[in-house]
Amino acid sequence: MLPEVQSWFRRRTSSAADWPVPELAEAKGRTSVSVVLPARDERDTVGHIVGVILRELADVVDEVVVIDSCSTDDTAAVAARAGADVHAQDAILPELSPLDGKGEALWKSLAVTSGDIVAFVDADIRGFRSTLVSGLLGPLLTDDSVAYAKGCYDRPLDGAANGGGRVTELVARPIINLHWPELAGFVQPLAGEYAGRRTALERVPFLTRYGVELGLLVDLLDLAGLDAFAQVDLGSREHAPQTTEALGGMAAQIMMAAYSRLLRQGKLGRCHDLSCCLDQFRREPSGHRIVSSDVSIAERPPMVTLAGAARPV
């Protein structure tokens, strides 16, 4: 690890326990905070998460917004009953042709939230604790030089305390270490829990689908520099595990995201057009069936290009 990254890791990594809510409420002042949950078919968990945030973080969080990403169940109704402000993803900025995926939901949330700080939290977390949000807000509410705070945590899986995060370890971390060693100090670079100042988030593009987390890290690094990042240990986080087949699609999208940034930064020459079709194999009684999926990603421009002039980071 680069010496400057080791130094950053020591200085900028904290624990959720370092940020008690009463101290955050005092430090908050006139700073407004929005919490955003992108949700697709998460009726079993979204209501509980919204309720915990509203009950336990009322002195810190000003609004909780759920972006319903074309759910086929009653996710939107459950979230609304719990007290969230709910928006259908495709109804936001309806003049734009809709795109699919998590990154689209996060980008569009900037158009319907008002917080000076925006925190993003996945809607499928089991056993949700409010410290998953308050921990992220700590560095941002107490240090004006921090523009973006990323969560890290253990990922329990099948009885192993840290068996999750397979795409991180097999794809994202090797790519980051190869091409962006300045980001090698992030324990969970693909974590879905992070928060940033609106003035920074509105000035970077958002990749759609599962490329959004890597894209934000790379683009915010270019925008603000490593010392504008903070990392918070949030303890442990558990959600429903994905199949290996599904993880393959996620991995392909993250590789697409990395390729797009390498091209943009001039670190890689365009040698051929990438295929956006991922072929996988599924065992059936009659033999192997080919399962093809589209792993293409798209990109939304910085929100300020739609909403007005950029404000200083």
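So, a few notes on the structure that sits alongside this text.

**A word on the pairing of strand β3 (residues 63–68)**
With respect to burial, β3 is a largely interior element, 6 of its 6 residues being buried. Alternating residues of β3 divide into Glu 63, Val 65 and Ile 67 and Val 64, Val 66 and Asp 68, and every residue in both groups is buried. The pairing of strand β2 (residues 33–39) with β3 spans 6 bridges and is parallel. The residue bridging Val 35 from the neighbouring strand is Val 64, located in β3. By the bridge criterion, 4 bridges tie β3 to strand β4 (residues 85–88) in an arrangement that is parallel.

**A closer look at the packing of helix α7 (residues 166–179) against helix α10 (residues 244–264)**
When two helices pack together, you describe them by how their axes are tilted relative to each other and by the distance separating the axes. The geometry of α7 relative to α10 is characterised by a closest axis approach of 9 Å and an angle of 15° between their N-to-C directions. As summarised for this structure, α7 and α10 are arranged roughly parallel, according to the angle between their axes. Relative to α10, α7 is oriented so that their crossing is right-handed. Contact residues: α7 offers Arg 166, Val 167, Val 171, Ile 175 and His 179, while α10 offers Thr 244, Leu 247, Ala 251, Ile 254, Met 255, Ala 258 and Leu 262. Residues that form the contact of α7 with α10 fall into these classes: 9 nonpolar, 2 polar and 1 charged.

**Considerations on the environment of Ser 71**
You can see Ser 71 is positioned in the loop between β3 and α4 (75–82). A C-alpha to C-alpha distance of 16 Å links Ser 71 and Ser 109, two positions 38 residues apart in sequence.

**Let's talk about the environment of Leu 93**
Checked against the element boundaries, Leu 93 lands in the loop between β4 and α5 (102–109). Classification of Leu 93 by relative accessible area gives buried; the value is 19%. Contacts of Leu 93, omitting those with residues within four sequence positions, involve Trp 107, Ala 111, Met 303 and Leu 306.

**Brief notes about the nonpolar core**
In terms of nonpolar packing, the biggest core is built from 48 residues, with Leu 183, Phe 206 and Phe 229 touching the most fellow members. In contact with Leu 183, other than residues within four places in its own chain, are Ile 176, Leu 217, Val 218, Leu 221 and Phe 229. Counting residues in hydrophobic clusters, the runner-up holds 40 residues, among them Leu 24, Ala 79, Ala 195 and Leu 234.

**Re helix α6 (residues 131–142)**
For α6, built from 12 residues, the straight-helix expectation of 16 Å at 1.5 Å per residue is met to within 8% by its first-to-last C-alpha distance of 16 Å. The buried fraction of α6 is high, at 10 of 12 residues. Burial in α6 covers these residues: Leu 132, Val 133, Ser 134, Gly 135, Leu 136, Leu 137, Gly 138, Pro 139, Leu 140 and Leu 141.

**Structural notes on the sheet that holds strand β1 (residues 13–15)**
Pairing is mixed across the open sheet formed by 8 strands, whose spatial order is β1-β10-β7-β8-β5-β2-β3-β4. Because the sheet does not close on itself, it has two edges, and the strands there are β1 and β4. Sheet twist, expressed as the average angle between the axes of neighbouring strands with direction ignored, equals 25°. Where strand β7 (residues 148–154) and strand β10 (residues 229–236) come together, 6 bridges link them in parallel fashion. Each bridged residue has a counterpart across the sheet, and for Asp 154 the counterpart in β10 is Ser 236. α5 rests against β2, β3, β5 (117–120) and β8 (194–197) of the sheet, and its axis sits at about 150° to β2.

**Remarks on the packing of helix α2 (residues 21–28) against α6**
Packing of α2 against α6 leaves a shortest axis separation of 10 Å and a crossing angle of 35°. The way α2 lies across α6 gives a crossing that is left-handed. Contact with α2, carried on its side by Val 21, Leu 24, Ala 27 and Lys 28, involves Ser 134, Leu 137, Gly 138, Leu 141 and Thr 142 of α6 and no other residues of that element. A per-class count over the contact of α2 with α6 returns 5 nonpolar, 3 polar and 1 charged.

**Quick word on the pattern of salt bridges**
Once their charged atoms are close, side chains differing in charge can pair, the charge on each being opposite to the other. Applying the stated criterion to the full structure yields 21 salt bridges. Notably, a salt bridge pairs Asp 62 with Lys 28, separated by 3.0 Å at the nearest N-O pair. Of this pair, Asp 62 sits in the loop between α3 (43–56) and β3 while Lys 28 sits in helix α2, and the two are 34 residues apart along the sequence. Residue Asp 62 is classed as partly exposed on the basis of its relative accessible area, which comes to 47%. According to the relative accessible area criterion, Lys 28 is buried, its value standing at 9%. Its salt-bridge partner being Arg 43, residue Asp 74 comes within 2.4 Å of it at the nearest N-O pair. With Asp 74 in the loop between β3 and α4 and Arg 43 in helix α3, the pair connects residues that are 31 residues apart, well separated along the chain. Take Asp 74: its relative accessible area is 29%, and that puts it in the partly exposed class. A relative accessible area of 35% places Arg 43 in the partly exposed class.

Calculation rules
- Residues numbered from 1 in each chain as written.
- Predicted model: local features only at pLDDT ≥ 70, side-chain atom pairs only at ≥ 80, totals over all residues.
- Heavy atoms only, no water.
- Buried < 20%, exposed > 50% of the residue type's maximum accessible area, 1.4 Å probe, protein only.
- Helix = DSSP H or I, 4+ residues; strand = E, 2+ residues; numbered from the N terminus.
- Pairing = 2+ DSSP bridges.
- Axes fitted to C-alpha atoms, helices over the stretch in contact; angles between N-to-C directions.
- Parallel < 35°, antiparallel > 145°, perpendicular 65-115°, else oblique.
- Left-handed = near helix turned anticlockwise from the far one by under 90°.
- Contact = heavy atoms within 4.5 Å.
- Nonpolar A, V, L, I, M, F, W, Y, C, P; charged D, E, K, R; others polar.
- Core = buried A, V, L, I, M, F, W, Y, C linked by side-chain atoms within 4.5 Å.
- Expected span 1.5 Å × (residues − 1).
- Salt bridge = Lys/Arg side-chain N within 4 Å of Asp/Glu carboxyl O.

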